[in-house]
Amino acid sequence: MKKFTALFLSAVLSTASFLPAFAAEQLTKGEYARMLLEAAEDYNEGLQISDFFKGDGKTDTSGNLITKAEALAMLRRAFGTLPSLTGDLLRTAPEMGSYTDVPLWAQNDIAKLSMAGVLSETPGGELGSGDYVDEEYADTMFARMYRLFGSNPKDDFYSYVNHDFLVTGTIDIGVSENSVFQDINNEVAYELVNILADIINKNHVNGSPEQKIKDFYLTAADEETRNELGAEPIMSYLEQLREAENDRELTDFAISFAKDTTMDLFAGFSVTMDYADQSVYLPVLDTYSITMVQEDYENEERLEDFKEVIVTLFTLGGNDEKTADEKADMVVDFEKELAKHTRSTDEYTDIEDAYNYYTLSELQAMFGTLDLQEIADVHGFDVSGDIVVADPDALEFYASYFDGSHTELLKTLAEISLLATYSTMLDEEFMEANNSLLELVYGYNPEANILTEAFNTTSSAMETYLGRIYYENNMDEEKTAEVRSIAESIIEVYKTRIAQQDWMSETTKAEAIKKLDNMDLIIGMKEDSTDFMKDIDIKGIKNGGTYLDNIYAIMKENDKVSAAILSGDFDNDEIYFSAYLVNASYYPMANTFVLPAGILNEPVYSIDASLSQNYGALGCIIGHEISHAFDTTGAKFDEKGNYNDWWTEEDYAAFEKLSEEIVDYYDGAEAATGIETDGTFTLDENIADISGVRCALDALKSVESNPDYEEFFESYATIFRSTSDRSCLLYTSDA
């Protein structure tokens, strides 16, 4: 039997467990030939082993071990003429070229495979032509060929369903991918633009939501003023910072700056829930962090690119070329050292790892010359109890510089933080520098300008008001009721399937079902969300308002709310999200599933689609998110969202063992040629995919007597179609 390469489909069809892993054995020519015939016969009509396994015509070599060169030559011959690379296959293909160790007789076939993007070995070096191959290598190469052709649903269902899109799809300037969700984002943005235009073209009562939206946007979109002023709005701050001669003067400046803007330059406090008790809020100490991922600080080319962007920002901030270069070196050198002390993403294996508790006195002992109490007082934050630190080693390393002997370095770090923070709020040159920084960090240039930034910032800052308008335009009782019905039917399936698990005790089953019974579903938007904008005075240009002043007004109100939450004077039990967000989320610390109105658009959901289509698309997304209540993270939170070990020790051990099987199953699966999945890193998402599809399918069968399975699976494959380039895939595989 062929192994399906569409992993999500094969996972769904698997009902209980995954295939065990065995030690790889090298293949003989005969074994490989038989495997290859089965793999390629649907792509080359009438194919026989003799068409690609020639031998020397004198002796039977079928029992000999097969080399990589022989296997690849046979592979090309068996699959015949290879498709030309276009679209997604071209963008994600590895470097193409020749190898130094390929025998003459195999060079033509292997060159064709290289040009088809199915060889991951780096050209110019050795291919390993004489190495023997095993079944795992053969399966990998077959999977690459299935993806290349994309013509057989049995071999690569995803590529088959999305073939036309993958061949012809392009990527718009300023985004990293083209996907169904990006398409919906574009449609939502277009509608928001029309809503915004309608508001701007009318007069409104002062203090009304519409007046605040209009005046905020117009000050943000004032290109002429922003370009004319350049860095002038922040020059006085930069001059004060540069004049500081010691750490005490640095602290004085930081306090003054925070009073004006609410922004912290050296260290600051934010607010988070206590993971162990959702009724308690704690301060978090935030400090300087690295800009790139750790591996980038060992790559000289990446460091040069980083320095170039930093030099640009320092120059825009009024430094001469020599000074900008010297300051950039200081930033790069410091971040190289900080990176050595910074936790990587995979080191956060549990939420407890991000919750490290300190007292203010303990932290102050580390920070020496920086007065943390003064910083907290500026914001009105109560920091008398526990304070959370996410990365203690990085914080301690950074804090060690506040000893009175590193004033110049601290000034430089504060200056680049200030410049980077304001880079999206000033002129086009600053915007371009920020674009370059984002391209360096995330692998793509958003090509943002003042007008796009004004739209994006308005959509974010005014989401309470704009979200209400979008919700009312796009949701009605019928749509809300049907979506809720789909979600509730899937929850019922989860209950049934949990009750059927023979590896789980009755005690744990009861707790799991209790969690489902208490799960809150928010469809579209939260009806009674708090209006945090009501007391904020947003001023228009005619009334002397500026973009920065309006931003400061919003941030100061946010400070007041955060301080009230921290002190217990504000009952904060809300989940905050935008109604036009194109995403769905499960919040384990609130046991709440959120489905914003923004994602409820075609092809994810349509009131006119069949049940099979809606369950295959939206149903699988719902099933995916609900499963996060029981993945390796969600399984540690109870029905109230509190961190609580509600599993028996034996059950959780069984759960972890089953999780290891999923890790093994997905580990090494390729997103593109040579770009492998880390089964451990993607474990929670893989559990969610498997559980979500299976439960959505069972739910469909419970409400539809004759489900259309083809519609179901094609809808699922369609909503996850996407294309990006190889650099983006490499970044996301490492992030």
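Check the entry above for the structure.
Since this is a predicted model, take the numbers as computed values, not measurements.

Draft legend 1. Inspection of the nonpolar core at higher detail. Of all hydrophobic cores here, the largest spans 154 residues; its most connected members are F266, F269, L285, L372, Y422, I490 and L595. Contacts of F266, omitting those with residues within four sequence positions, involve L250, A254, T287, Y288, L370, Y398, F402, L410 and A414. By size, the runner-up hydrophobic cluster in this structure holds 42 residues, among which are L47, L85, A116 and L127.

Draft legend 2. Representation of the packing of aromatic side chains in the model. Applying the stated rule across the entire model yields 36 aromatic pairs. On the basis of an interplanar angle of 15 degrees and a centroid distance of 5.8 Å, the ring pair of Y43 and Y146 is categorised as stacked. One end of the pair, Y43, is in the loop between α2 (29-40) and α3 (49-52); the other, Y146, is in helix α7 (residues 135-149), with 103 residues separating them in the sequence. Taking relative accessible area as the criterion, Y43 reaches 13% and is therefore assigned buried. Overall, Y146 belongs to the buried group, its relative accessible area being 4%.

Draft legend 3. How the structure looks around the pairing of strand β8 (residues 592-596). Judged by how many residues are buried, β8 sits mostly within the fold: 5 of 5 residues are covered. Here β8 shows two buried faces, one formed by T592, V594 and P596 and the other by F593 and L595. With 5 bridges joining them, strand β6 (residues 520-524) and β8 adopt parallel strand pairing. When the bridges of β8 are listed, G524 appears paired with P596. Judged from the 3 bridges that link them, strand β7 (residues 585-587) and β8 form a sheet pairing that is antiparallel. Note on β8: the bridge partner recorded for Y586 is F593. Hairpin connection from β7 to β8: 4 residues lie between these consecutive antiparallel strands, with N591 at a positive phi of about 45 degrees.

Draft legend 4. Representation of unusual backbone geometry in the model. That bond from E602 to P603 is cis: its omega, 0 degrees, falls within 30 degrees of zero. With respect to the element layout, P603 can be found in the loop between β8 and α27 (611-627). In this model, T262 sits at a positive phi of 70 degrees, which is unusual for a non-glycine residue. With respect to the helices and strands, the residue T262 is situated in the loop between α14 (247-261) and β2 (267-274). We classify T262 as buried; its relative accessible area is 11%.

Draft legend 5. Up close: α2. Compared with an ideal rise of 1.5 Å per residue, which puts 12 residues at 16 Å, α2 spans 16 Å between its outermost C-alpha atoms and is within 8% of the ideal. Packed against the buried residues of α2 are α3, α4 (68-79) and α7.

Draft legend 6. Fine view of the environment of V280. Structurally, the position occupied by V280 is in strand β3 (residues 277-287). Among all residues touching V280, those that are not within four sequence positions of it are T272, M273 and D274.

Draft legend 7. How the structure looks around the environment of S256. Along the chain, S256 turns up in helix α14. The exposure class of S256 is partly exposed, given its relative accessible area of 31%. A sequence separation of 239 residues divides S256 from K495, and the C-alpha atoms of the two residues are 56 Å apart.

Draft legend 8. Here's a closer look at the state of the cysteines. In the structure shown here, the tally under the stated rule is 0 disulfides. Cysteine C620 shares no disulfide, and the gap to the nearest cysteine sulfur, in C695, comes to 9.9 Å.

Cut-offs used in this document
- Residues numbered from 1 in each chain as written.
- Predicted model: local features only at pLDDT ≥ 70, side-chain atom pairs only at ≥ 80, totals over all residues.
- Heavy atoms only, no water.
- Core = buried A, V, L, I, M, F, W, Y, C linked by side-chain atoms within 4.5 Å.
- Buried < 20%, exposed > 50% of the residue type's maximum accessible area, 1.4 Å probe, protein only.
- Contact = heavy atoms within 4.5 Å.
- Phe/Tyr/Trp six-rings, centres within 6.5 Å; stacked < 30°, edge-to-face > 60°.
- Helix = DSSP H or I, 4+ residues; strand = E, 2+ residues; numbered from the N terminus.
- Pairing = 2+ DSSP bridges.
- Expected span 1.5 Å × (residues − 1).
- Disulfide = S-S within 2.5 Å.

These results come straight from atomic positions and should not be treated as a statement about function.
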